[in-house]
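Each chain, letter by letter, is given below.
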Amino acid sequence: MSAQREMKEKNHWHKPVTIIITVIGVMAIVALVTVAVLQNRPLSQKYKYGIVMDAGSSHTALYIYAWPAEKDNNTGRVEQTHSCKVKGPGISSYASNPSKAGESLRVCMQEAKQLVPANHHSETPLYLGATAGMRLLNLEDSSASDRVFHAVEGALQKFPFSFQGARILSGQEEGAFGWVTVNYLDDRLKQGLETKGALDLGGASTQISFVSDTFDGSESPDNNVNFRLYGNDYNLYTHSFLCYGKDQALRMTLAQQTLSGPGSILDPCFHRGYTDTKNYSVLYDSPCVSKMKPQNATPTFTHKGGGDFLQCQDVIKRIFNFTHCKYNQCSFNGIFQPFLQGQYGAFSAYYFVMDFLNLTDTSIPLEDVKEKLKRYCATPWSELTQQHGNIKYLAEYCFSGTYIVTLLTEGYNFTSQTYPTIKYIKKIKGSDAGWTLGYMLNLTNMIPAEAPDTPPLPHAGYVSIVTIMAILLFVLFIVSLRPLWPRCSKQPHII
Ligand SMILES: Nc1ncnc2c1ncn2[C@@H]1O[C@H](COP(=O)(O)OP(=O)(O)O)[C@@H](O)[C@H]1O
Ligand SMILES: [Ca+2]
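Computed from a predicted structure; not experimentally measured.

A word on the overall build of the protein chain. From N to C terminus, the protein chain includes 16 helices and 16 strands. Buried positions account for 47% of the 495 residues belonging to the protein chain. Restricting the contact set of the protein chain to residue pairs at least 6 apart, pairs at least 24 apart contribute 73%. Looking at the protein chain as shown, the accessible area adds up to about 24,800 Å², and 54% of this sits on carbon and sulfur atoms.

See the structure below:
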């Protein structure tokens, strides 16, 4: 018993003053780390939301984007959290019944109302951008397009979001914002990396956009968009070909084959055994072909398939004009295009079509792609319907695949060597490739012109250093109390 007391007396760790110092030391470390963590922690992970509706020529889609509230100015942070495909056709198809255009958007808007937290509704911007379908309607009948917009705006204003208006995007905007989306999602802008070109194939128009070192805009100012993003200047070449989306291109190809108003045609872009009765007035009801409408034709013609890729390429080539170019070089229709440069992301119908045809792998040599298309186009229609059932677009994939290859090679001058620079993409890091994200980033000023100041250390690094320093100081403090430590004595164990 007395030996135990003697040892307790010798052991300074059992002295109240040492215990108090230790407890205070531990409490100080805990307090220091807690304060450091709380004080410097990123503000609570509250999110902001934005909604963009893409009113395309064939259909409308709604996208919800979200980003951490305190990181508005940081790149790579805005993500698509939801998409909703509006049932029915694009809003331009409701020209004769505009109120139905507004109604058609309701289901997706209700979904957005459920998904965006109610306390964020009033601060969530909602944009509707219309592309080539409305551009064509506006050309054809501007008061009809006004009526459609009026109906759509009326419907969207009924929702609790901060509606920022519905408008037609110019072809330049559509091309440039598609390029911003691709490069933002790829984290190329903030890091100042070499950018990727963007190829967008829609139903009524198609866009090509890329940065060119040889293009300063002087040759063709209409094709030039300048951006300063995160401290880097970008000189973008962009062009949108109205009527060269795949649905209007199909109309033009059919129009080329029915100039004389025949009662039937054998179309090489459709499969053998395919046959359909088509109405001349429906086919020619678009500003892309209306001037070519044959006179004195029967109301309908029989559209039969011939299933021949090479002949299909020949009829498609006829919709491109290569005869005049007032610049050093052109793509087609007398439009300036600098030399192709770098890598490209091809999305929207480029992806849908090449995905269906199992041709998204661009390491497949271009000659093999053509060979595969040749075989696909030669497949009898009965065999295809047996294999796939009656799926949407089935009859058109031979035309669409041939059109894509022709547009890329004959139109934009991609070669067997440069074809592998194209990647067919649908999504990048969970967000759809398309103009909508770039449009919202621009309108919400989410990409600063100059590089934002970044803290020298990330938060986790900061916390680790504070913790290590605090522990180190404490250990030093304990070491400095060494004179008070118990002397090492070989005491027998006391049971
Ligand atoms: N699964 C699919 N297979 C083939 N084509 C598709 C598929 N889904 C959508 N598309 C096509 O993608 C195109 C989308 O164009 P859209 O954005 O509506 O027009 P635009 O951009 O010219 O206004 C349309 O031609 C549509 O038919
Ligand atoms: Ca589109």
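From this point, the discussion proceeds with the structure in view.
Let's shift gears to the sheet that holds strand β7 (residues 205–211). With respect to topology, six strands assemble into an open sheet ordered β8-β9-β7-β6-β13-β14, the strand pairing being mixed. Two strands bound the open sheet, and with one partner strand each, they are β8 (224–229) and β14 (422–424). Mean inter-strand twist for the sheet, computed between neighbouring axes without regard to direction, equals 20°. Looking at chain direction, β7 and strand β9 (residues 232–242) are connected through seven bridges and run antiparallel. Paired with S209 across the strands is T238, a residue of β9.

Quick look at the UniProt feature "binding site: ATP" (unreviewed entry) in the protein chain now. The UniProt feature table records "binding site: ATP" (unreviewed entry) at G203, A204, S205, T206 and Q207. Here S205 lies in strand β7. For S205, a relative accessible area of 3% gives the class buried. If sequence neighbours within four positions are ignored, S205 has contacts with A132, R135, E174, D200, S240, F241, L242, C243, Y244 and G245. Its location among the elements puts T206 in strand β7. Polar side-chain contacts of T206 include one of 2.7 Å to the backbone oxygen of D200.

Near ligand 1, the surroundings consist of 17 residues, among which S57, S58, T131, A204 and Y397 are the closest. Between ligand 1 and S58, the relevant distance is 2.6 Å, taken from an oxygen atom to a side-chain nitrogen or oxygen of the residue. Relative to its free-state accessible area of 580 Å², ligand 1 is covered by the protein chains to the extent of 89%. Residue assignment for the shell around ligand 1 shows that the elements contributing at least two residues are α8 (246–257) and α11 (349–356). Class assignment for the residues of the shell around ligand 1 results in six nonpolar, eight polar and three charged.

Here K196 is to be found in the loop between α7 (171–185) and β6 (197–201). The class of K196 is buried, set by a relative accessible area of 14%. A distance of 3.4 Å separates polar atoms of two side chains, one belonging to K196 and the other to D186. Discounting chain neighbours no more than four positions away, the residues touching K196 are W179, V182, N183, D186, R188, Q343 and G345.

As a further point, take the pattern of salt bridges. Scanning the entire structure with this criterion turns up 12 salt bridges. In this structure, R228 engages D233 in a salt bridge whose closest nitrogen and oxygen atoms are separated by 3.0 Å. By relative accessible area, which is 34% here, R228 ends up partly exposed. For D233, a relative accessible area of 58% gives the class exposed. In this structure, the salt-bridge partner of K426 is D432, at a minimum N-O distance of 3.9 Å. By relative accessible area, D432 is classed as buried at 12%. What you see here is one network of salt bridges that share partners, running through D186, R188 and K196.

This brings us to the nonpolar core. Of all hydrophobic cores here, the largest spans 68 residues; its most connected members are L199, Y350, M354, Y403, L408, Y412 and Y424. No other element matches the eight residues that helix α14 (residues 397–411) contributes to this core. Once residues lying within four places of it in the same chain are set aside, the contact partners of Y412 are L199, T206, Q207, I208, F241, S331, F332, Q337, L340, Y350 and L407. Counting 35 residues, the second-largest nonpolar core is a separate cluster that includes Y63, A176, V180 and I447.

The residue A433 is located in the loop between β16 (431–432) and α15 (435–443) in this model. Of the residues examined, A433 reaches a relative accessible area of 13% and is grouped as buried. The sequence separation of A433 and W179 amounts to 254 residues, and the corresponding C-alpha distance is 9.1 Å. Excluding residues within four positions of it along the chain, A433 makes contact with T181, F347, I425, K426 and K427.

Reading the values: rules and limits
- Residues numbered from 1 in each chain as written.
- Chains lettered and ligands numbered in written order.
- Predicted model: local features only at pLDDT ≥ 70, side-chain atom pairs only at ≥ 80, totals over all residues.
- Heavy atoms only, no water.
- Helix = DSSP H or I, 4+ residues; strand = E, 2+ residues; numbered from the N terminus.
- Buried < 20%, exposed > 50% of the residue type's maximum accessible area, 1.4 Å probe, protein only.
- Contact = heavy atoms within 4.5 Å.
- Areas by Shrake-Rupley, 256 points an atom, 1.4 Å probe, with all protein chains shown as cover.
- Pairing = 2+ DSSP bridges.
- Axes fitted to C-alpha atoms, helices over the stretch in contact; angles between N-to-C directions.
- UniProt positions renumbered as here; feature names shortened; annotations may be inferred.
- Polar contact = N/O pair within 3.5 Å; in protein donor to acceptor, adjacent residues only side chain to side chain.
- Near = heavy atom within 4 Å.
- Nonpolar A, V, L, I, M, F, W, Y, C, P; charged D, E, K, R; others polar.
- Salt bridge = Lys/Arg side-chain N within 4 Å of Asp/Glu carboxyl O.
- Core = buried A, V, L, I, M, F, W, Y, C linked by side-chain atoms within 4.5 Å.

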